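What follows is the residue order along each chain.
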Amino acid sequence: MPNITKITTQKKRKDRYNIFVDEKYAFSVDEEVLLKFQLKKGMELDDLLLAEIQFHDEIQKAFTDALNYLSYRMRSESEIRLYLKKKETEEPIIKEAIHKLYSFNYLDDLEFSKAYVRTHVNGGNKGPTTLKLELKEKGVQDKLIVEALKEYPYDIQIEHARNLAGKAVKKEKNISERALRLKVEQTLLRKGFPRDVIHEALEDVTVEKDEDEQWDSLCHHAEKMQRRYKNHEGFEYEQKMKQALYRKGFPIELIERYLSNPDGD
């Protein structure tokens, strides 16, 4: 039966050891595996013991890889599984590595989700619907997501939606009041805020334009429409202008005022 004739520390990794059997290099193991199986010079190795040693060493390798991946930030269990699969780790090894991570409290999907929500709440650029979808993509269970989203109170959602709406309003020029409100609402929906939050937030944001602003915006668009419909005349021209400007969100009375007196005199 083969036996261990020498054990040396690897030069680049002091936590791994080279095992020599019958004076020849046979395999390497993690320090934890070395201690677990009490490997030492003169120890005999049968096939069953060797297979068990190698299995546990693969688990330790996967565990170490996962810890390195976790060192950058918290991860969900699903993220760890996907990472190990990409490294071509076999499923039984992944299962044992995941179990070991849980035993040392390195994995906790609820705490991960809460931390994820808190981070984005501090950023203020995403609504709860977006965070829910992102956590689902990371493989977090629905019941844990519901619990984690408690870290994003309703009043904070409204505050963030209000701030984002205010920024959106300032960016928009030459747009009708109706189109502006719709655009702000769509922006907040894309950010992941629910409609009830958007409705309440917009109560505190001025999206109305005064008459002069509305008129200037309409004139800006009407000038473009005139060039588009320059080959049309009379009733057909007026109808096309009315339809185009109405679709832009301008009130019909303002459109008719422009068409009857485009110079605004």
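Residues numbered from 1 in each chain as written. Predicted model: local features only at pLDDT ≥ 70, side-chain atom pairs only at ≥ 80, totals over all residues. Heavy atoms only, no water.

Moving on, we come to the overall build of the chain. In terms of regular secondary structure, the chain is built from 13 helices and three strands. Taking 265 residues into account, the globule formula puts the C-alpha radius of gyration at 18 Å, and the chain, at 33 Å, lies well above it. The dimensions of the chain, computed from C-alpha atoms along their principal axes, are 105 × 45 × 30 Å. Residues counted as buried form 40% of the 265 residues belonging to the chain. (Helix = DSSP H or I, 4+ residues; strand = E, 2+ residues; numbered from the N terminus. Rg over C-alpha atoms; globule rule 2.2 N^0.38 Å. Buried < 20%, exposed > 50% of the residue type's maximum accessible area, 1.4 Å probe, protein only.)

The next thing to look at is the UniProt feature "domain: RecX second three-helical" (unreviewed entry) in the chain. Feature annotation in UniProt assigns "domain: RecX second three-helical" (unreviewed entry) to the following positions: residues 108–149. Annotated as residues 108–149, this span is 76% helix and 0% strand, and its ends, taken at the C-alpha atoms, are 16 Å apart. (UniProt positions renumbered as here; feature names shortened; annotations may be inferred.)

A word on the nonpolar core. Grouped together as the largest cluster of nonpolar side chains are 26 residues, with contacts concentrated most on V117, L135, V184, L188 and F193. Every element with two or more residues in this core is listed here: α5 (109–123), α6 (128–137), α7 (142–148), α8 (154–171), α9 (177–190) and α10 (195–202). Sorting elements by how many residues they give to this core places α8 first, with six residues. Leave out the neighbours within four places in its chain, and F193 touches K126, G127, P128, Y152, Q157, H160, A161, L164, L188 and I198. (Core = buried A, V, L, I, M, F, W, Y, C linked by side-chain atoms within 4.5 Å. Contact = heavy atoms within 4.5 Å.)

Since one α-helical turn is 3.6 residues long, residues separated by three or four positions face the same way. Where α10 is concerned, the buried positions are V197, I198, A201 and L202. One side of α10 holds all its buried residues, which, seen down the axis, span an arc of 125 degrees. With respect to the buried face of α10, the exposed residues turned more than 90 degrees away are R195 and H199. Summarising the contacts, the buried residues of α10 are in contact with α8 and α9. (Arc of directions from axis to C-beta.)

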